[in-house]
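This is what each chain is made of:
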Amino acid sequence: MLLALAVLVPVAACSSEDPPASQPQAASASPSVEPTEQAVTHPFTGLPDDKRKPVLAVKIENTAAGKPQMGLKSADIVYIEQVEAGLTRLMAIFSSKIPAKVGPVRSARISDLHIAPMFGKPAFAYSGAQTKMLPFIAEASLFDVGDTRNPGAYFRQPGRYAPYNLFATTKSLLKAAPKATKAKDIGFTFGDAPEAGGVDKKRQTVRWPAARFDFVWSADEEQWMIYQDGKKDMAAEGGQLSAPTVVVQWVKTERSQFHDKNSSYTPLVHTVGKGDAIVLRDGKAYKAKWKRASEEEGTTFTTPDGEPMNFAPGQVWVALAAKKPVTP
């Protein structure tokens, strides 16, 4: 553990023999019904899935220079984290669907290392880190498949410029982490929305010091369409990024011991503890509470009354935002 700084078949009961001719035929017995087996769903998405594949976490660029990103449409969960200068970067979690390529892959941050243990010991793909953060990565609950340890998995994407052109092949990333933890319960629940408590919501804006996300409900798509800094957030594969569930998780952020070459401090995002949240689903916003007791445990979301706050099945975006964000 790091330092603080750092989821009938009706069977007719009938006889295979005809009744004797001298006896009146008895009425057919009522069909007996066997209980229907409950569908097995994936713990990250709530969609039908009885397979448990390894977890791959990838750090992905999130500024205009790195767009459009590749692979995000296949992610089970996408975390938005604040980084230096008030900007944001993404950590995408893959397991149920693994795209062929992902990117642009960028450098790791200390907050990533505190999120990773919730998934056990996932494969973690990133491109470099500050020298003094390397010991923290070495002791973190993850398999390091970054570009330094696993250079053969990475390549420069034509038509883009460095450092926004580094991509990776997921097959090679996972091959380098054969013991990566398979998907397991991380506290998320899926199903019907609460009967009460939601308010109609067409747009939810979430701000960081130098970045803004807008999540706009589309009744036709039944998705929250994603915009960043006033522009549609497009995918390299085509189409706009979107999700059926968006969670605004209010967290505490503070300056970590790390900073960039411009002396802009790296925020430490506290994802262990408890706090308030807003869950967006079905065109409504629901007040919620989140709790994560330790780094090894998942994050649970409940209604203000303490009942499970179900997400809509499908991809989940989690915006880790602070009501009082740290400034450089």
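Above this note sits the structure.
Summarised in this report is the structure supplied together with it. Only a predicted model underlies this, so the values are computations on that prediction, with no experimental measurement involved.

1. Observations concerning the overall build of the chain
Along the backbone of the chain there are three helices and 23 strands. A burial count over the chain gives 49% of its 328 residues as buried.

2. Focus: empty space enclosed by the protein
Taken as a whole, the largest cavity encloses approximately 70 Å³ of empty space. Lining the largest cavity are Tyr79, Ile115, Met118, Phe188, Gln249, Thr271, Arg292, Thr299, Phe301, Val318 and Leu320. Tallied by class, residues from the lining of the largest cavity come to seven nonpolar, three polar and one charged.

3. Points about the side chain of Asp214
With respect to the secondary-structure elements, Asp214 resides in strand β13 (residues 211–218). A polar contact is formed between the side chain of Asp214 and the side chain of Thr205, at a distance of 2.4 Å.

4. What about the nonpolar core?
Where a protein is soluble and globular, its nonpolar side chains tend to be buried together. Leu173, Phe215 and Trp317 are the most contacted members of the largest nonpolar core, which totals 42 residues. When residues of this core are assigned to their parent elements, the largest contribution, four residues, is made by β13. When residues no more than four places from it in sequence are discounted, the contact partners of Leu173 are Leu56, Val102, Ala125, Val145, Asn150, Ala153, Tyr154 and Ala168.

5. Observations regarding the sheet that holds strand β10 (residues 166–169)
In space, the three strands of this open sheet follow the order β6-β10-β9, with antiparallel pairing throughout. Either end of the sheet is taken by a strand with one partner, and the two such strands are β6 (101–102) and β9 (154–156). As defined by bridge partners, β9 adjoins β10 across three bridges and the pair is classed as antiparallel. By the bridge assignment for β10, Arg156 is matched with Leu166.

6. A few points about the environment of Lys201
Mapped onto the secondary structure, Lys201 falls in the loop between β11 (198–200) and β12 (203–208). Relative accessible area serves as the criterion here: at 27%, Lys201 is assigned to the partly exposed category. With 85 residues separating them along the chain, Lys201 and Tyr286 place their C-alpha atoms 9.5 Å apart.

7. Re the pairing of strand β4 (residues 77–82)
A large share of β4 lies buried, amounting to six of its six residues. Burial along β4 is two-sided: the residues Ile77, Tyr79 and Glu81 and Val78, Ile80 and Gln82 are all buried. Pairing geometry for β4 and strand β5 (residues 88–94), over six bridges, is antiparallel. Bridge pairing in β5 links Gln82 to Thr88. Here β4 folds back onto β5, and the loop between the two strands holds five residues, one of which, Ala85, carries a positive phi near 60°. Pairing of β4 with strand β23 (residues 316–321), which is carried by four bridges, proceeds in the parallel orientation. Residue pairing for β23: Val78 is matched across the bridge by Trp317.

Rules and cut-offs
- Residues numbered from 1 in each chain as written.
- Predicted model: local features only at pLDDT ≥ 70, side-chain atom pairs only at ≥ 80, totals over all residues.
- Heavy atoms only, no water.
- Helix = DSSP H or I, 4+ residues; strand = E, 2+ residues; numbered from the N terminus.
- Buried < 20%, exposed > 50% of the residue type's maximum accessible area, 1.4 Å probe, protein only.
- 1 Å grid on protein atoms, 1.4 Å probe; cavity = no way out; pocket = protein on both sides within 12 Å on 5 of 7 lines; lining within 4 Å.
- Points joined across faces, edges and corners; volume = space filled by probe spheres on them.
- Nonpolar A, V, L, I, M, F, W, Y, C, P; charged D, E, K, R; others polar.
- Polar contact = N/O pair within 3.5 Å; in protein donor to acceptor, adjacent residues only side chain to side chain.
- Core = buried A, V, L, I, M, F, W, Y, C linked by side-chain atoms within 4.5 Å.
- Contact = heavy atoms within 4.5 Å.
- Pairing = 2+ DSSP bridges.

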